[in-house]
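# Structure at a glance
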Amino acid sequence: KQPATAAGDTSKAAASGAMTLNDQAKKGQALFYNASLGKVKASCAMCHSDGTERTKDGKTRPGHTLVGVTSRTATWNGMFKGDKLKSSAYGAMLCAYGFEKKGPLATALSADEVTAINEYLAAISSNPGAMTTNLSIKWVTKPVFTDDESLDEKATAPAVKSIMKLPGDPGAGQVVFQAACTTCHEMQKKKIGPSMKDAAQDFNFVAQSIRCGSMAMPFFAKDILNDQQIADVVAYIQNSLNK
């Protein structure tokens, strides 16, 4: 679980990038690391890097870095652009709604929270690893966040098939699992997400969830985990549960 009181803690951040935080940016930093905002105990830092030592921990995050996001002209595959960038805190509003389950989309972040997050994103804009162009990610399908929605099976089925036809390497999968999955999952115990013992009844579903997301679980685009890496994770989970 990430610390919920990060405001004012800038020593490690300063070590990896010159950064001065005003009071609003400090509030935004606290929000970025706060895992107690919604029903799902997740923080922005679990899915995104801010370019500081605190997120240089060897984890493979499903979300792309937020360093430099303020210079992009669109986020969330073009969903937020123009005036909607700042009003949504560069898409953080959707993350708070979909992944943290912080409330209805329109009010998932208050106006003060949006302002604070915007200030923090501006403050980290020159940190190491800044991204200065829009991302070109080919989504398999639009993620879903509620029971009323469902993934597009015509899109997900070929994606899952391309993963499951690959011979998975459990050893390589263990490395990927530890870097990408252990923040939220263990084999036998529930963490933020369910245990693999409970969730991995259908390995096609495991592959689909990693590639396309599953409710509060974010998806891993191909530039973060390729098909072989997901096949390796599936093989590792299968091998571990069969022991």
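See the structure printed just above.
Now for a description of the structure that goes with this document. (Residues numbered from 1 in each chain as written. Predicted model: local features only at pLDDT ≥ 70, side-chain atom pairs only at ≥ 80, totals over all residues. Heavy atoms only, no water.)

## Structural notes on the overall build of the protein chain
Rules: Numbering of helices and strands runs from the N terminus; a helix is a DSSP stretch of H or I covering at least four residues, while a strand is a stretch of E covering at least two. For this measure, only C-alpha atoms enter the radius of gyration; the expected value for a globule follows 2.2 Å times N^0.38, where N is the number of residues. Burial here depends on accessible area, computed with a 1.4 Å probe over protein chains only, as a share of the maximum for the residue type. Under 20% is buried, over 50% is exposed, and the range in between is partly exposed. Note on contacts: a residue pair is in contact if any heavy atoms of the two residues lie within 4.5 Å. Every accessible area reported is derived by Shrake-Rupley at a probe size of 1.4 Å, with residue values counting cover from the shown protein chains alone. Two residue types count as positive, namely Lys and Arg, and two as negative, namely Asp and Glu; His and chain ends fall outside the count. Note on charges: their place is set at NZ of Lys, CZ of Arg, CG of Asp or CD of Glu.
When you go through the protein chain residue by residue, the secondary structure sums to 11 helices and two strands. Each helix and strand of the protein chain, placed in order from N terminus to C terminus, yields the pattern α-α-α-β-β-α-α-α-α-α-α-α-α. A compact globule built from 243 residues should have a C-alpha radius of gyration of about 18 Å, and the protein chain, at 18 Å, falls within 12% of that. Principal-axis analysis of the C-alpha atoms places the extent of the protein chain at approximately 50 × 35 × 30 Å. Each of the 243 residues in the protein chain was classed as buried or not, and the buried ones make up 48%. Of the contacts formed within the protein chain by residues at least 6 apart in sequence, a portion of 61% connects residues at least 24 apart. If you sum the accessible surface of the protein chain, you get close to 12,100 Å²; carbon and sulfur atoms cover 52% of it. If you average the places of the 28 positive and of the 22 negative side-chain charges in the protein chain, the two averages end up 1 Å apart.

## Observations regarding the packing of helix H7 (residues 153-164) against helix H11 (residues 227-241)
The relative placement of two packed helices is expressed as an angle between their axes plus a distance between the axes. To keep things clear, this is the line we draw: Only the stretch in contact is used when fitting a helix axis, every axis being a line fitted to C-alpha atoms; angles between N-to-C directions are given from 0 to 180 degrees. Throughout this description, any angle smaller than 35 degrees is read as roughly parallel, any larger than 145 degrees as roughly antiparallel, any in the 65 to 115 degree range as roughly perpendicular, and the remainder as oblique. Three residue categories are used. Nonpolar comprises Ala, Val, Leu, Ile, Met, Phe, Trp, Tyr, Cys and Pro, charged comprises Asp, Glu, Lys and Arg, and polar comprises the others, including Gly.
The N-to-C vectors of H7 and H11 enclose an angle of 70°; their axes lie 8 Å apart at closest approach. As summarised for this structure, H7 and H11 are arranged roughly perpendicular, according to the angle between their axes. Touching Ser162, Ile163 and Met164 of H7 are Asp227, Ile230, Ala231 and Val234, all from H11. The residue inventory of the contact of H7 with H11, partitioned by class, reads five nonpolar, one polar and one charged.

## Here's the deal with the nonpolar core
The condition that has to hold: Put simply, buried Ala, Val, Leu, Ile, Met, Phe, Trp, Tyr and Cys residues joined by side-chain atoms within 4.5 Å make one nonpolar core.
Residues Trp76, Leu109, Ile117, Tyr120, Leu121 and Ile124 are the most contacted members of the largest nonpolar core, which totals 35 residues. Listing elements by their share of this core, those giving two or more residues are helix H2 (23-33), helix H5 (92-98) and helix H6 (111-123). When neighbours within four sequence positions are excluded, leucine 109 is seen to be in contact with Ala89, Ala92, Met93, Ala96, Lys102, Val114 and Ile117. Ranked by size, the runner-up nonpolar core spans 22 residues in total, among them Val160, Ala180, Ala200 and Val234.

## So, the packing of aromatic side chains
Inclusion rule: Pairing of aromatic side chains requires ring centres within 6.5 Å, counting the rings of Phe and Tyr and the six-membered ring of Trp. Pairs whose planes differ by under 30 degrees are stacked, by over 60 edge-to-face, and all others tilted. Charge-over-ring contacts are defined here by two conditions on Lys NZ or Arg CZ: a distance within 6 Å of the ring centre and an angle within 35 degrees of the ring normal.
A full pass over the atoms with the stated rule returns nine aromatic pairs. An aromatic cluster is built from Trp76, Tyr97, Phe99, Trp139, Phe145 and Phe219, whose rings are joined through pairwise contacts. Across from the ring centre of tyrosine 33, 3.8 Å away, lies the NZ or CZ of arginine 54, which sits over that ring.

## Quick notes on helix H8 (residues 170-180)
Put simply, the rule reads: Nitrogen and oxygen atoms within 3.5 Å of one another constitute a polar contact, given that in protein one can donate a hydrogen and the other can accept it, and given that sequence-neighbouring residues count only through two side-chain atoms.
Those residues of H8 lying buried are Gly173, Val176, Phe177, Ala179 and Ala180. If you follow the buried residues of H8, they end up packed against helix H9 (196-199) and H11. For H8, the N-terminal cap is aspartate 169; the gap from its side-chain oxygen to the backbone nitrogen of glycine 171 is 2.9 Å.

## Some remarks on H7
Owing to its 3.6 residues per turn, the α-helix aligns residues three or four sequence positions apart on the same side. This is how the line gets drawn: Here, expected helix span is obtained from the residue count minus one, scaled by 1.5 Å.
Counted at 1.5 Å a residue, the expected span for H7 with its 12 residues is 16 Å, and the 16 Å between its end C-alpha atoms agrees. The secondary structure elements touched by the buried residues of H7 are helix H10 (203-212) and H11. N-cap assignment for H7: the residue whose side-chain oxygen lies 3.1 Å from the backbone N of lysine 154 is aspartate 152.

## Observations regarding the pattern of salt bridges
Condition: Salt bridges are counted wherever a side-chain nitrogen of Lys or Arg sits within 4 Å of a carboxyl oxygen of Asp or Glu.
Per the stated rule, a full pass over the model turns up three salt bridges. A salt bridge links glutamate 113 to lysine 102; the nearest nitrogen and oxygen atoms lie 3.0 Å apart. Separated by 11 residues along the polypeptide, glutamate 113 in helix H6 and lysine 102 in the loop between H5 and H6 bring together distant segments of the chain. Residue classification places glutamate 113 among the buried positions, given a relative accessible area of 16%. On the basis of relative accessible area, lysine 102 is assigned to the partly exposed category, the value being 22%. With its nearest N and O atoms 2.8 Å apart, the salt bridge here joins arginine 211 to aspartate 227. Here arginine 211 is found in helix H10, whereas its partner aspartate 227 is found in helix H11, with 16 residues between them in sequence.

## Details of the environment of proline 158
Relative to the helices and strands, proline 158 is located in helix H7. Residues proline 158 and isoleucine 237, spaced 79 residues apart in sequence, show a C-alpha to C-alpha distance of 22 Å.

## A look at the packing of H7 against H10
For clarity, the threshold we go by: By convention, the crossing between two helices is left-handed when the near helix turns anticlockwise from the far helix through less than a right angle, and right-handed when the turn is clockwise.
Running from amino to carboxyl end, H7 crosses H10 at an angle of 110°, the nearest separation of the two axes being 9 Å. With respect to their mutual orientation, H7 and H10 come out roughly perpendicular. Here H7 runs over H10; the crossing is right-handed. Contacts between H7 and H10 pair Thr156, Val160, Ile163 and Met164 from the former with Phe203, Asn204, Ala207, Gln208, Arg211 and Cys212 from the latter. When the residues that make up the contact of H7 with H10 are grouped by side-chain class, the tally is six nonpolar, three polar and one charged.

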